[in-house]
Amino acid sequence: MATKTPSLHLIAYIDFLGTKERIRKDTNNKHFEFLSSLYGDIYKYIEQRNKEDYHYIKSFKTRTFSDNILFATSAHLSNIQLCYALGDFIDMAAKIQASALINGILTRGGITIGNICINEYLAYGKGLLEAIDLEENVANNPRIVIHDCLEKKCSEYYKSNSYTKKDIDNFRYIDFYSYAVRTASLLEQCTNSLEALTKEKCGNNKVISKLNWLINQHNEYIEKVFKNEIIHFDTKYFDDSTKEKYRIIKPVVMNSISN
């Protein structure tokens, strides 16, 4: 077998939070079926994507485990080609986050550029460690953060899109609501999932703090929808009487004693 050394890649690592608990409780295989369907869709998308004549990217590579997904592509590209590649990564990541939330699952991750070897046998390299570090030690909340090195390399991408934004800690992350939640039906499903999660996790301050962050993102998006500030969102079925149907009214109050 020919051995390839790590080389420069654009890398995304996404973790599905709470998966261990869900696997233990998955007596009807609902969580398994969700992951199987999601991963199947991702592989089909990547397979089709790799068949198309994109001159700026050689191919996407991906690896999955029960609670995380990794995808990468060679970063030996011009800056404008890298911008297109980053756009594709954000596209996939945003769709994954929205699909996971609708199924009651929170996600967290990181996107960076670094050295990695990824093939049918393994994923190895410092770039992978950096992506995992972003997920574990920087993201904190249910967000996918983007390393600031990409902001410098892909400045043209950030000038022409509204699908990422900076948080109060100055880290840039994917605004998956703006990208992937563009219909009243999806918005209602997100609302219902958040409400169900707040009831399910009530009393667990560690999880509630993460949910509150996402609830704030959700409410902010709702306000933009009703102000007609979201591009490609049809608001003809929205009015003041239906507004509260699609909104988590307030964050969950934390317990005074942490669990």
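What comes next concerns the included structure. What you are looking at is a predicted structure, and each value in this text was computed from that prediction instead of being measured.

**Considering a nonpolar patch on the surface**
A contiguous nonpolar surface patch, about 380 Å² in accessible area, is contributed by Y121, L122 and Y124. Considering the arrangement of structural elements, one finds Y124 in strand β5 (residues 123–124). With relative accessibility at 58%, the residue Y124 sits in the exposed group.

**Digging into the packing of aromatic side chains**
Under the defined criterion, the tally for this structure stands at 9 aromatic pairs. Plain terms: the ring middles of Y173 and W213 are 5.4 Å apart, the flat faces sit at 65° to each other, and that makes the pair edge-to-face. Placement of Y173 in strand β8 (residues 172–174) and of W213 in helix α9 (residues 205–226) is noted, with a sequence separation of 40 residues between them. Classification of Y173 as buried rests on a relative accessible area of 3%. Taking relative accessible area as the criterion, W213 reaches 12% and is therefore assigned buried. Every member of this aromatic cluster is reached through a ring pair, and the members are F16, F34 and Y39. Above the face of the Y179 ring, R182 is positioned so that its terminal group lies 5.4 Å from the ring centre.

**Some words on α9**
Three- or four-residue spacings in an α-helix give side chains the same orientation, since the helix completes a turn every 3.6 residues. Between its first and last C-alpha, α9 extends 31 Å over 22 residues, near the 32 Å set by a 1.5 Å rise per residue. Of the residues flanking the end of α9, it is N228, one or two places downstream, whose phi is positive at about 60°.

**Side note on empty space enclosed by the protein**
To find the voids left in a structure, one rolls a probe of water-molecule size over its atoms. Tallied over the entire structure, the rule returns 2 cavities of 30 Å³ or more. Put simply, the largest cavity is a space of about 100 Å³. Around the largest cavity, the lining is made up of 16 residues, and of these K165, Y173, D175, Y177 and Q217 lie nearest the centre. Among the elements of the structure, β8, α7 (176–180) and α9 are those that each provide at least two residues to the lining of the largest cavity.

**Some remarks on the pairing of strand β2 (residues 60–64)**
As defined by bridge partners, β2 adjoins strand β3 (residues 68–74) across 5 bridges and the pair is classed as antiparallel. Each residue of the ladder has a partner; that of T62, found in β3, is F71. Adjacent in sequence and paired antiparallel, β2 and β3 are bridged by 3 residues.

**Regarding the packing of helix α8 (residues 184–200) against α9**
Helix-helix packing is described using two parameters, namely the angle between the two axes and the distance between the axes. Their axes nearest at 11 Å, the elements α8 and α9 cross at an angle of 155°. The angle between the axes of α8 and α9 places the two elements in the roughly antiparallel class. Judged by the twist between their axes, the crossing of α8 over α9 is left-handed. Two secondary-structure elements touch here, α8 through L187, C190, T191, L194, L197 and T198 and α9 through I208, L211, L214, I215, H218, Y221 and I222. In terms of residue class, the contact of α8 with α9 is made up of 10 nonpolar, 3 polar and no charged.

**Let's talk about the layout of surface pockets**
Approximately 460 Å³ is the volume found for the largest pocket. If you trace the largest pocket, you find 20 residues lining it, with L17, G18, T19, E21 and V207 closest to the centre. Looking at the lining of the largest pocket, the elements that each hand over two or more residues are β1 (7–16), α1 (19–24), α8 and α9. Looking at the lining of the largest pocket, its residues break down into 7 nonpolar, 4 polar and 9 charged. Computed from the structure, the second largest pocket encloses a volume of approximately 370 Å³. As for the second largest pocket, its lining consists of 17 residues, and the residues nearest its centre are R22, K30, N103, G104 and E200. Contributions of two or more residues to the lining of the second largest pocket are made by α1, α2 (30–51) and α8. Taken together, the residues of the lining of the second largest pocket break down into 5 nonpolar, 5 polar and 7 charged.

What counts as what
By convention here, each chain's residues receive numbers from 1 onward along its written sequence. For this predicted model, a pLDDT threshold of at least 70 governs which residues receive local features, and a threshold of 80 or more governs which side-chain atom pairs are given and counted, while totals over whole chains, interfaces and linings are taken from all residues. Computation of side-chain values: all heavy atoms of the structure, hydrogens and water removed. Grouping into patches uses exposed residues only, defined as over 30% relative accessible area, and leaves out salt-bridged ones; the cut-off is 9 Å for like charges and 5 Å for nonpolar side chains (Val, Leu, Ile, Met, Phe, Trp, Tyr). Areas reported here follow the Shrake-Rupley algorithm with a probe of radius 1.4 Å; residue values treat only the protein chains shown as occluding. Just to be clear on terms, a salt bridge is a Lys or Arg side-chain nitrogen sitting within 4 Å of an Asp or Glu carboxyl oxygen. Strands here are runs of E lasting at least two residues and helices are runs of H or I lasting at least four, both read from the DSSP assignment and numbered beginning at the N terminus. Partly exposed describes any residue whose relative accessible area lies between the buried limit of under 20% and the exposed limit of over 50%, with all areas from a 1.4 Å probe on protein chains only and scaled to the type maximum. Whether two aromatic rings pair depends on their centres lying within 6.5 Å, for rings of Phe, Tyr and Trp, where Trp uses its six-membered ring; planes under 30 degrees apart make the pair stacked, over 60 edge-to-face, and the rest tilted. Here, a charge over a ring is recorded when the distance from Lys NZ or Arg CZ to the ring centre is within 6 Å and its angle to the ring normal is within 35 degrees. Given the number of residues in a helix, its expected span is that number minus one, multiplied by 1.5 Å. The rule is simple: put a 1 Å grid over the protein atoms alone, call a set of points where a 1.4 Å probe fits but cannot get out a cavity, call an open set with protein on both sides within 12 Å along at least five of seven lines a pocket, and count a residue as lining if it has an atom within 4 Å of a point. Grid points are joined across faces, edges and corners, and a volume is the space filled by probe spheres set on the points. We treat two strands as partners when DSSP finds at least two bridges between them. Fitted lines through C-alpha atoms serve as axes, helices being fitted only where they are in contact, and the angles separating the N-to-C directions of these axes extend from 0 to 180 degrees. When an angle is under 35 degrees it counts as roughly parallel; over 145 it counts as roughly antiparallel; between 65 and 115 it counts as roughly perpendicular; any other value is oblique. Crossing handedness follows the turn of the near helix against the far one: under a right angle anticlockwise gives a left-handed crossing, and clockwise gives a right-handed one. Every residue pair with non-hydrogen atoms within 4.5 Å of one another is taken to be in contact. Residue polarity is assigned by list, with Asp, Glu, Lys and Arg as charged and Ala, Val, Leu, Ile, Met, Phe, Trp, Tyr, Cys and Pro as nonpolar; anything else, Gly included, falls into the polar class.

Everything listed is a geometric property; what it means functionally is a separate question.
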